[in-house]
Amino acid sequence: MKLDKFILGTVKEVPSDAEISSHQLMIRAGMIRKVASGTYAYLPLGLRVIHKIIEIVRQEMDAAGAQEVLLPIVQPMELWQATGRDQDYGQTLGYFTDRHGRENVLSPTAEEVMTVVGANEISSYKQLPVNLYQINTKYRDEFRPRFGVLRSREFIMKDAYSFDADEIMLEQSYRNMYNAYCNVFKRCGVEYVIVEAEAGEMGGSGSHQFTVPCESGEDVIVYTEDLAYAANIEKAAVDPLSPEAKPADIQAITEIHTPGSGAVESVCAFLKTTPDKMIKCMIYVFGPENKTLACLVRGDHELNPEKLTQALGGTAPELAPEDIVERLTGAKIGYAGPVGLFDKVDRVFIDHGVAALAVGYAGANKTEYHIGNVVPGRDFPLAGADITVLDIRNAAQGDTWQGKRLLFKRGIEVGQVFKLGDKYSKKLGAEYLDESGKRQTCLMGCYGIGINRIMASAIELSHDADGIIWPISIAPFEVLVTTANPNDEQVAAAAEKIYQELLEKDIDVAYDDRNQRAGVKFKDADLIGIPLRITVGRKTLDNGQVEIKVRRQSESQLVDLDMAVDTALDKITELWQELIIEED
Ligand code: ATP
Ligand code: MG
């Protein structure tokens, strides 16, 4: 590819909403352009990366025995209603009504449609296992699209779905995809860690998340130093805190006037105490009958909605609206507390951390009042028919799991695998006839990878002050040939010759034949991050040499003109070497 007529699109300005390196660099390097909040156009350079990632994913899916199909992005709402996921996805689900009044969903994922496709094509145990996948656009009306293509509204996902006869086969399909994912990330040159994850809206029984460790990630992963345990924060379990020693003479509850916002920090400042002595009380509603749930966690702890959902058997609770909170507590939001409240709600969840407190402060169920000297077990019960003490909070610094200290790291989720069981197959009739001719429900797994997220993660992991440093497997080009003096005919001829020879060797090479100053061309080369650059210039050519530079190394090397192509080929092989999967 010659760059003279290529839409290169490198720019100097960084848009103000681009907070992280990958977002800034993708725009500066002319990979993407923003169309609207959370939607992007890919320019030629960016699309080349996308295509390379897709090709790696496709090869690994095919090698794992999965078969590619293509499903519609516009899907009938009825299918989503059949599984109840029209509700579960909430406002993230994009939909529209067509001219005939039919409701359609813009696919955020495709369990429903793929299950129906599988149900039609699968009839006998002899066909199983089957794994069908697609690579296409997904739409999610994300509450807060940000970080460029890391969290966009439209994105490209590879989603695969396995249909299995029993648990053992499902486990094999799951492991098979798990291993294929390891290959994908290795080949794309992105570092990753695998952690246990919560199944979220997908449902099902087991899940792992593939996470690229980096500071700008929105996910938090939690692990023990020996890595015997690793989970994302939504899932990470914590040991119950040991009960605090109770002082001998705790006074009776006292009511304290606490004017102000009711927020933990301001109340603590007022009471001259710390958040770990506060008992936060939050009211939720859940289920079709809108039952009420009071949740107690320590003021310094964060409630974990996924753990609440698990504890409610898969029903996601929602924070109760103001009028319900006011009716139950008799106070404005911010002043709810456990004392005297439990009889008025349907369920009570008390975090272990609250149960372990010797004495603390809580809301008084009276606007602008708190109470002190609150003793769990004395002033409110820790057991009862609808009262449970359990783990409902996020792991925090200082916590342990199975006695081992928990550590924390931020990361970007690039892929996730799920065992779905019969959640979709049962509702949508994916069945097969077993050996004895009996009808059985398929078990399923689903497996997603974010193509754009891999691209942005690779940049997060590998860039410097000058620009991107692509792993060679997903770089827009493997080599960039450039000229320092484009108007010099000899220089141009030497560069053209190297370019042609590399093309003949099937190398993905770009030739920067633009009539630009050398400085501009070098800056662009560093910015777009092509792994290897060959520069032909008057000065070196006078000595019969050209310059070869590996993008991620600081030093360049001069080689004889007639050795340029061979040296480049060696370096290319070296760069590829570390991304190759060894067969065992
Ligand atoms: P998140 O928790 O980040 O919202 P998710 O768990 O909802 O993601 P999945 O349903 O597991 O996402 O989708 C599979 C993959 O699709 C994710 O692992 C991620 O790589 C990608 N993905 C999901 N949402 C987005 C998005 N808004 N923008 C870009 N990629 C996304
Ligand atoms: Mg996920």
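Residues numbered from 1 in each chain as written. Chains lettered and ligands numbered in written order. Predicted model: local features only at pLDDT ≥ 70, side-chain atom pairs only at ≥ 80, totals over all residues. Heavy atoms only, no water.

Asks: Requested: an account of the coordination of the magnesium ion (ligand 2), with residues and values cited.
Replies: Around the magnesium ion (ligand 2), the protein contributes the donor atoms Glu413 (OE) and Gln416 (OE1), which lie 1.9 to 2.2 Å from the metal centre. A relative accessible area of 21% means that Glu413 is categorised as partly exposed. Residue Gln416 is classed as buried on the basis of its relative accessible area of 10%. (Donors = N, O, S within 2.8 Å, 3.2 Å for Na, K, Ca; no water. Buried < 20%, exposed > 50% of the residue type's maximum accessible area, 1.4 Å probe, protein only.)

Asks: If you had to explain the packing of helix H2 (residues 44-63) against helix H12 (residues 451-461) to someone new, which residues and values would you point to?
Replies: Each packed pair of helices is defined by two parameters, the angle between the axes and the distance between the axes. Across the interface, H2 lies against H12 with an axial gap of 9 Å and an inter-helix angle of 115°. Classed by the angle they form, the pair H2 and H12 counts as roughly perpendicular. Where H2 crosses over H12, the handedness of that crossing is right-handed. Here Gly46, Val49, Ile50, Ile53, Ile54 and Val57 of H2 lie close against H12, whose contacting residues are Ile451, Asn452, Ile454 and Met455. A breakdown of the residues in the contact of H2 with H12 according to their chemical character gives 8 nonpolar, 2 polar and no charged. (Axes fitted to C-alpha atoms, helices over the stretch in contact; angles between N-to-C directions. Helix = DSSP H or I, 4+ residues; strand = E, 2+ residues; numbered from the N terminus. Parallel < 35°, antiparallel > 145°, perpendicular 65-115°, else oblique. Left-handed = near helix turned anticlockwise from the far one by under 90°. Contact = heavy atoms within 4.5 Å. Nonpolar A, V, L, I, M, F, W, Y, C, P; charged D, E, K, R; others polar.)

Asks: So, the site of ligand 1: which residues are in play, and what are the values?
Replies: Lining the immediate environment of ligand 1, one finds 15 residues, of which Arg140, Glu142, Arg151, Ser152 and Glu413 sit closest. Here Arg140 contributes a side-chain N or O atom positioned 2.8 Å from an oxygen atom of ligand 1. Ser152 has a polar backbone atom sitting 2.8 Å from a nitrogen atom of ligand 1. In isolation ligand 1 offers 580 Å² of accessible surface; the protein chains occlude 88% of this area. Of all the secondary-structure elements, those providing two or more residues to the shell around ligand 1 are strand S8 (154-164) and strand S22 (404-421). Considering every element that reaches the shell around ligand 1, the biggest residue donor is S22, with 4 residues. A per-class count over the shell around ligand 1 returns 6 nonpolar, 4 polar and 5 charged. (Near = heavy atom within 4 Å. Polar contact = N/O pair within 3.5 Å; in protein donor to acceptor, adjacent residues only side chain to side chain. Areas by Shrake-Rupley, 256 points an atom, 1.4 Å probe, with all protein chains shown as cover.)

Asks: Residues and numbers for the packing of aromatic side chains, please.
Replies: One pass over the structure, following the stated rule, counts 12 aromatic pairs. Here the aromatic rings of Tyr174 and Tyr447 are separated by 6.4 Å at their centres, their planes lie at 55°, and the arrangement is tilted. Highlighted residues: Tyr174 in helix H6 (residues 167-188) and Tyr447 in strand S25 (residues 443-450), separated in sequence by 273 residues. Looking at Tyr447, the relative accessible area reads 1%, which means it is buried. With centroids separated by 5.8 Å and ring planes inclined at 45°, the aromatic side chains of Tyr229 and Trp401 adopt a geometry described as tilted. Placement of Tyr229 in the loop between strand S11 (219-224) and strand S12 (230-232) and of Trp401 in strand S21 (residues 400-401) is noted, with a sequence separation of 172 residues between them. With relative accessibility at 11%, the residue Tyr229 sits in the buried group. Site record: aromatic cluster; members linked through ring pairs are Tyr178, Tyr181, Phe185, Tyr192 and Phe210. Its end group placed over the ring of Phe522, Arg533 keeps NZ or CZ at 4.6 Å from the ring centre. (Phe/Tyr/Trp six-rings, centres within 6.5 Å; stacked < 30°, edge-to-face > 60°. Lys NZ or Arg CZ within 6 Å of the ring centre and 35° of its normal.)

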